[in-house]
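# Breakdown of the fold
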Amino acid sequence: MKNLISVILLSIIYLSLCWIVDFQIDTLILDSSGRYYNIENSIFYDKIIFYNDNKIDYTNHVIKYDRILVVLISLVVLVRVLKFKSKVK
């Protein structure tokens, strides 16, 4: 039961972080007011470059919190598994 609750809680946190990242990108693009923009994707962030008269007006970074959470949880699980295996031997 404890594992089920933790999985459900982590799933809810992950989905909310996905929603936050999508909301940030949509808000930035809507704030561009019709200007041209380019999105450069990376694993942990998106870099959005806004142009005005073919020059870079400004850039903004959107951090992908959902992917950072997955990496952190994976590291914690890996450490716990390695600790458990070392205790068994």
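An account of the accompanying structure is given in this report. (Residues numbered from 1 in each chain as written. Predicted model: local features only at pLDDT ≥ 70, side-chain atom pairs only at ≥ 80, totals over all residues. Heavy atoms only, no water.)

### A word on the overall build of the chain
What the chain contains, in helices and strands, is two helices and three strands. Counting from the amino terminus, the chain carries its helices and strands in the arrangement α-β-β-β-α. Expressed along its principal axes, the backbone C-alpha trace of the chain runs to roughly 65 × 25 × 10 Å. The 89 residues of the chain split such that 16% are buried. Nonlocal contacts in the chain, meaning residues at least 24 apart in sequence, comprise 31% of its contacts between residues at least 6 apart. Carbon and sulfur atoms provide 65% of the accessible area of the chain, an area that totals close to 7,300 Å². (Helix = DSSP H or I, 4+ residues; strand = E, 2+ residues; numbered from the N terminus. Buried < 20%, exposed > 50% of the residue type's maximum accessible area, 1.4 Å probe, protein only. Contact = heavy atoms within 4.5 Å. Areas by Shrake-Rupley, 256 points an atom, 1.4 Å probe, with all protein chains shown as cover.)

### Examining the pattern of salt bridges
On inspection of all chains with the given rule, the structure shows one salt bridge. When the shortest N-O distance is used, the salt bridge between Asp46 and Lys64 registers 3.1 Å. Remark: Lys64 occurs in the loop between strand E3 (55–63) and helix H2 (65–88) and Asp46 occurs in strand E2 (residues 45–52); sequence separation between them is 18 residues. By relative accessible area, which is 5% here, Asp46 ends up buried. (Salt bridge = Lys/Arg side-chain N within 4 Å of Asp/Glu carboxyl O.)

### Structural notes on the sheet that holds strand E1 (residues 36–41)
A sheet is described by the order of its strands in space; here three strands give the open sequence E1-E2-E3, paired in antiparallel fashion. One side of each edge strand has no neighbouring strand; the edge strands of this open sheet are E1 and E3. For this sheet, the mean inter-axis angle between neighbouring strands, taken without regard to orientation, is 20°. The sheet contact formed by E2 and E3 spans eight bridges and is antiparallel. The residue of E3 that forms the bridge with Asp46 is Val62. The sheet contacts of helix H1 (residues 2–30) involve E1, E2 and E3, and relative to E3 the element is tilted by about 165°. (Pairing = 2+ DSSP bridges. Axes fitted to C-alpha atoms, helices over the stretch in contact; angles between N-to-C directions.)

### Brief notes about the packing of aromatic side chains
On inspection of all chains with the given rule, the structure shows three aromatic pairs. Plain terms: the ring middles of Trp19 and Phe23 are 5.6 Å apart, the flat faces sit at 20° to each other, and that makes the pair stacked. Here Trp19 pairs with Phe23, and both are found in helix H1, just four residues apart, close to one helical turn. Between Tyr37 and Phe50 the ring centres are 6.3 Å apart and the planes differ by 50°, which places this aromatic pair in the tilted class. Of this pair, Tyr37 sits in strand E1 while Phe50 sits in strand E2, placing them 13 residues apart in sequence. By the ring-pair criterion, three or more aromatic residues cluster together here, those being Tyr37, Phe50 and Tyr58. (Phe/Tyr/Trp six-rings, centres within 6.5 Å; stacked < 30°, edge-to-face > 60°.)

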